[in-house]
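In case you want the letters, here they are:
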Amino acid sequence: MEKKEMFPRLNLTLPKAKNTKILFLVLIGVLIIIIFLIFSDSSCGLSHIGIINDLRTYEKSLGPEFCEELVEKIDLHNMQCSPHVEILDCG
């Protein structure tokens, strides 16, 4: 007569490997997102959009200090990127 175990043996190697693969894929995904966020900060397109938004804010406030900061951003953008933005006259 065959002896039946109360708890059949489970093959635990397959779930461990599956969990490891899932964890590895999640970590790779998070790493890709972090790298994308780091490099997107220096992107010309995002810089251009940020300057356009700052120009709209400046049109509402007309603050001289904000204008000077915006001119510096525009200068930096124009040196690094191709779609040039017209420099403001703060005076």
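These remarks concern the structure in this document.

Rules and cut-offs
- Residues numbered from 1 in each chain as written.
- Predicted model: local features only at pLDDT ≥ 70, side-chain atom pairs only at ≥ 80, totals over all residues.
- Heavy atoms only, no water.
- Helix = DSSP H or I, 4+ residues; strand = E, 2+ residues; numbered from the N terminus.
- Buried < 20%, exposed > 50% of the residue type's maximum accessible area, 1.4 Å probe, protein only.
- Contact = heavy atoms within 4.5 Å.
- Areas by Shrake-Rupley, 256 points an atom, 1.4 Å probe, with all protein chains shown as cover.
- Salt bridge = Lys/Arg side-chain N within 4 Å of Asp/Glu carboxyl O.
- Expected span 1.5 Å × (residues − 1).
- Arc of directions from axis to C-beta.
- Phe/Tyr/Trp six-rings, centres within 6.5 Å; stacked < 30°, edge-to-face > 60°.
- Axes fitted to C-alpha atoms, helices over the stretch in contact; angles between N-to-C directions.
- Parallel < 35°, antiparallel > 145°, perpendicular 65-115°, else oblique.
- Left-handed = near helix turned anticlockwise from the far one by under 90°.

A look at the overall build of the chain
Looking only at helices and strands, the chain has 3 helices and 0 strands in total. Going from the N terminus to the C terminus, the chain shows its helices and strands as α-α-α. Looking at the chain as a whole, 15% of its 91 residues are labelled buried. Within the chain, counting contacts between residues at least 6 apart in sequence, those at least 24 apart form 29% of the total. If you sum the accessible surface of the chain, you get close to 8,300 Å²; carbon and sulfur atoms cover 65% of it.

Section: the pattern of salt bridges
A full pass over the atoms with the stated rule returns 1 salt bridge. A salt bridge links Lys73 to Asp54; its shortest N-O distance comes to 2.8 Å. Of the two residues, Lys73 is situated in helix α3 (residues 64–80) and Asp54 in helix α2 (residues 44–61); the sequence distance between them amounts to 19 residues. Given the relative accessible area of 16%, Asp54 is considered buried.

Side note on α2
In a regular helix each residue adds 1.5 Å, so 18 residues correspond to 26 Å; α2 covers 25 Å between its end C-alpha atoms and thus fits that length. Among the residues of α2, those classed as buried are Ile51, Asp54, Leu55 and Tyr58. Viewed end-on, α2 has its buried residues packed into an arc of 110 degrees, placing them on one side of the element. Away from its buried face by more than 90 degrees, α2 exposes Arg56 and Lys60. Just beyond α2, the residue with positive phi is Leu62, at close to 55 degrees.

A look at the packing of aromatic side chains
In the structure shown here, the tally under the stated rule is 1 aromatic pair. Consider the rings of Tyr58 and Phe66, whose centres lie 6.4 Å apart with planes at 25 degrees: the pair is stacked. A relative accessible area of 12% places Tyr58 in the buried class.

A short note on the packing of α2 against α3
Two numbers describe how α2 lies on α3: the axes approach to 10 Å, and their chain directions differ by 160 degrees. With respect to each other, α2 and α3 are oriented roughly antiparallel. Regarding α2 and α3, the two cross each other, and that crossing is left-handed. Of the residues in α3, those in contact with Cys44, Ser47, His48, Ile51, Asp54, Leu55, Thr57, Tyr58 and Ser61 of α2 are Phe66, Cys67, Leu70, Lys73, Ile74, His77 and Gln80.

Concerning unusual backbone geometry
Phi is positive for Leu62, which is not a glycine, with a value near 55 degrees. Topologically, Leu62 is positioned in the loop between α2 and α3.

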